Amino acid sequence: MTPDATSPETDPQRWRVLAVCLAAGFITLLDVSIVNVAMPSIQHALHASASALQLVVAGYTLAFGLVLVPAGRLGDAGHRRSLFLAGLVAFALASLGAGIAPGDIWLAVARLVQGACAGIVSPQVTGYIQQEFRGFERARAFGMFGAVVGVATAIGPLLGGLLIQAFGEQDGWRWVFGINVPIVAVVLAVAVRAVPRTVAVRRSALDPVGLVGIAATTVAVMVPFVLTTGTGDSPARWWFLPVGVVLGAATILWERRYERRGQDPVLSPEVLGLRSFRFGALLGLAYFAGFTSVFLVITLFLQDDLGLSALQAGLVGLPFAIASGISALASGRAVARWGRPVVVVALCVVVVGLAGTDLAIRIIGAAPDRTALLCVVVATTQCVAGAGSGLVIAPNQTLTLAEVPVRRAGMAGSMLQVGQRIGSAVGISAVLAVFYGSQASGASGSAAVGRGLLITIALVLCALVVALLDARRRAGEAGDEDVEAPRADRETA
């Protein structure tokens, strides 16, 4: 019997599919943060320019976000298995290209290709989870995926530091990219046998105008944020934003017209019309804007100001990864029982942890002879933030996609991730601007990091506001249902 012939509830292969998807998701998301600790080594080894270094970091995120929606739409059209496998192969080749890069331009281009390949794989992961699981099992699967997201983002600097420590400052950065090749080879060997074929519920011609419109809008919105170094940037780059707004509005109008003509649009009004999806996507954007930037400024401070090695700086973030992974594994049962309030409480915990980190760096970080104490305190407060973070990402993903039809799973998951990638770009840009701007004005490293962390706290508080509004909406809808039921009983009597 083929995988397609077995229902998700009884197919024993679904857990193997999940394992493959989690492994693929981990390796593609790991490359978002693992490069952070390698930047000094890359700069020294390749004599890289500031603009090339920025593309090495930001180009991955830009290309990742650019291809998410088209890849998700193609996956829903019946090509999920082909895209998943081909994307992994191309990702490994691009990683190899980055690892053997003879110069900074080669490396920047390889990172762009690597990011695009990751963007092809990622929506297939969420699409398979939607396809293979139902009910509580889906929440549990998304809980595991949330653990992967949190751990991959947080543990990246540590793994990068370990590789640089093992292979040296001169060539260790090459293994930051090259390590992907053997890992992907193992994942592919299992994926070829485990990943099922996808049968589209509805096959239709792709909408080229919609695809181009979404791609152009994504680029226009992300470029001003990803191409920033924090100081000396041209204000002209902000003109991309109004261009992105116009392109986005025109794309939505086109998609509505396309659907009225009986065609299948890329941006489904069916999905955009779900309030659960809109609230969840907005929350994800705000949270990733704050969540992703934390590790960058703390790592920069620990390495550049306190003189810690890449490995030592990575170890400080390890408690966040551990706590995030543990809480994410428990999040499936929690969100199934309590729903959105789980995310509200978790965001409060994240704010407390980040505030503790901010205070520790401002107070203890100002004394250069107390580096060890600072690392212990920051690791502890980051552990608190990680425990909350694990209960944010996976539950929000579950709640956001809960009402999305399976035939729209890849597209909806990719739209959610586009918001997360844009949020990451916005957060990193804002925090770096404050961090470098503070240093340029003469502020100490601890003060500059403290100001940057205030931005991250503000962004997480924005996510908390969205979560509270959604919780209130859900409670109101549940109350309306409770009122309507007795009324219907009375009328029947």
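Look a little higher up for the structure.
Summary of the structure given here. All values derive from a computational prediction rather than experimental measurement.

## Overview of the overall build of the chain
Link 1 in the chain: Each helix and strand counted, the chain has 18 helices and zero strands in total.
Link 2 in the chain: Taking 23 Å as the expected radius of gyration for a compact globule of 493 residues, we find that the chain reaches 22 Å, a close match to that expectation.
Link 3 in the chain: If you line up the chain on its principal axes, its C-alpha atoms span 80 × 50 × 45 Å.
Link 4 in the chain: Considering the chain as a whole, with its 493 residues, one finds that 58% of them fall into the buried category.

## Topic: the packing of aromatic side chains
Link 1 in the chain: In this structure the tally under the stated criterion is ten aromatic pairs.
Link 2 in the chain: Arranged with centres 6.2 Å apart and planes meeting at 90 degrees, the rings of Phe84 and Tyr128 form a pair that is edge-to-face. With Phe84 in helix α3 (residues 50-99) and Tyr128 in helix α4 (residues 104-132), this pair connects stretches of sequence that are 44 residues apart. By the burial criterion, Phe84 is buried, and Tyr128 matches it.
Link 3 in the chain: Chaining the aromatic ring pairs together yields one cluster made of Tyr287, Phe288, Phe291 and Phe320.

## Looking at the side chain of Ser424
Link 1 in the chain: Relative to the elements of secondary structure, Ser424 occurs in helix α17 (residues 409-440).
Link 2 in the chain: Here Ser424 is in contact with Phe288, Ala289 and Thr292, once residues within four sequence places are set aside.

## As for unusual backbone geometry
Link 1 in the chain: Of note, the phi angle at His47 is positive, near 50 degrees, even though the residue is not glycine.
Link 2 in the chain: Residue position: His47 is located in the loop between α2 (39-46) and α3.
Link 3 in the chain: Judged by its relative accessible area of 70%, His47 is exposed.

## Some points on the nonpolar core
Link 1 in the chain: If you look at the biggest cluster of nonpolar residues, it comprises 138 residues, and the most contacted ones within it are Ile42, Phe84, Leu107, Phe277, Tyr287, Leu302 and Leu347.
Link 2 in the chain: In terms of residues, this core owes the most to one element, helix α5 (residues 135-178), which gives 16 residues.
Link 3 in the chain: The contacts of Leu302, once residues within four sequence positions are left out, are Gly307, Leu308, Ala313, Val316 and Cys375.

## What to know about the side chain of Thr28
Link 1 in the chain: In this structure, Thr28 sits in helix α1 (residues 14-33).
Link 2 in the chain: Excluding anything up to four places from it in sequence, Thr28 contacts Tyr60, Phe64, Phe91 and Ala118.

## A word on the environment of Val148
Link 1 in the chain: Inspection of the secondary structure puts Val148 in helix α5.
Link 2 in the chain: A relative accessible area of 12% means that Val148 is categorised as buried.
Link 3 in the chain: With 246 residues separating them along the chain, Val148 and Ala394 place their C-alpha atoms 9.4 Å apart.
Link 4 in the chain: Excluding residues within four positions of it along the chain, Val148 makes contact with Leu22, Gly25 and Phe26.

## A closer look at the pattern of salt bridges
Link 1 in the chain: A complete count under the given rule lists seven salt bridges for this structure.
Link 2 in the chain: Arg174 is the salt-bridge partner of Asp171, the closest N and O atoms lying 3.7 Å from each other. Taken together, the positions of Asp171 and Arg174, both in helix α5 and three residues apart, correspond to about one turn of that helix.
Link 3 in the chain: Residue classification places Asp171 among the partly exposed positions, given a relative accessible area of 39%.
Link 4 in the chain: In this structure, Arg340 engages Asp470 in a salt bridge whose closest nitrogen and oxygen atoms are separated by 2.8 Å. With Arg340 in helix α14 (residues 340-363) and Asp470 in helix α18 (residues 445-492), this residue pair connects regions lying 130 residues apart in the sequence. Neither Arg340 nor Asp470 differs from the other in exposure class; each is buried.
Link 5 in the chain: Residues participating in the shared-partner salt-bridge network are Arg340, Asp470, Arg473 and Arg474.

## Concerning the packing of α5 against helix α10 (residues 275-305)
Link 1 in the chain: Packing of α5 against α10 leaves a shortest axis separation of 9 Å and a crossing angle of 15 degrees. The angle between the axes of α5 and α10 places the two elements in the roughly parallel class. Seen from above, α5 lies across α10 with right-handed handedness. Residue-level inspection shows Val149, Gly150, Thr153, Ala154 and Pro157 of α5 in contact with α10, the latter providing Phe288, Phe291, Phe295 and Thr299.
Link 2 in the chain: Class assignment for the residues of the contact of α5 with α10 results in six nonpolar, three polar and no charged.

## A short note on α17
Link 1 in the chain: Taking 1.5 Å of rise per residue, the 32 residues of α17 would be expected to cover 46 Å, and the 46 Å separating its terminal C-alpha atoms lies within 8% of that figure.
Link 2 in the chain: With 23 of 32 residues buried, α17 is to be regarded as a mostly interior element.
Link 3 in the chain: Just downstream of α17, Gly442 is the residue with a positive phi angle, here 100 degrees.

Rules used throughout
- Residues numbered from 1 in each chain as written.
- Predicted model: local features only at pLDDT ≥ 70, side-chain atom pairs only at ≥ 80, totals over all residues.
- Heavy atoms only, no water.
- Helix = DSSP H or I, 4+ residues; strand = E, 2+ residues; numbered from the N terminus.
- Rg over C-alpha atoms; globule rule 2.2 N^0.38 Å.
- Buried < 20%, exposed > 50% of the residue type's maximum accessible area, 1.4 Å probe, protein only.
- Phe/Tyr/Trp six-rings, centres within 6.5 Å; stacked < 30°, edge-to-face > 60°.
- Contact = heavy atoms within 4.5 Å.
- Core = buried A, V, L, I, M, F, W, Y, C linked by side-chain atoms within 4.5 Å.
- Salt bridge = Lys/Arg side-chain N within 4 Å of Asp/Glu carboxyl O.
- Axes fitted to C-alpha atoms, helices over the stretch in contact; angles between N-to-C directions.
- Parallel < 35°, antiparallel > 145°, perpendicular 65-115°, else oblique.
- Left-handed = near helix turned anticlockwise from the far one by under 90°.
- Nonpolar A, V, L, I, M, F, W, Y, C, P; charged D, E, K, R; others polar.
- Expected span 1.5 Å × (residues − 1).

Spatial relationships are all this shows, so hold off on functional conclusions.
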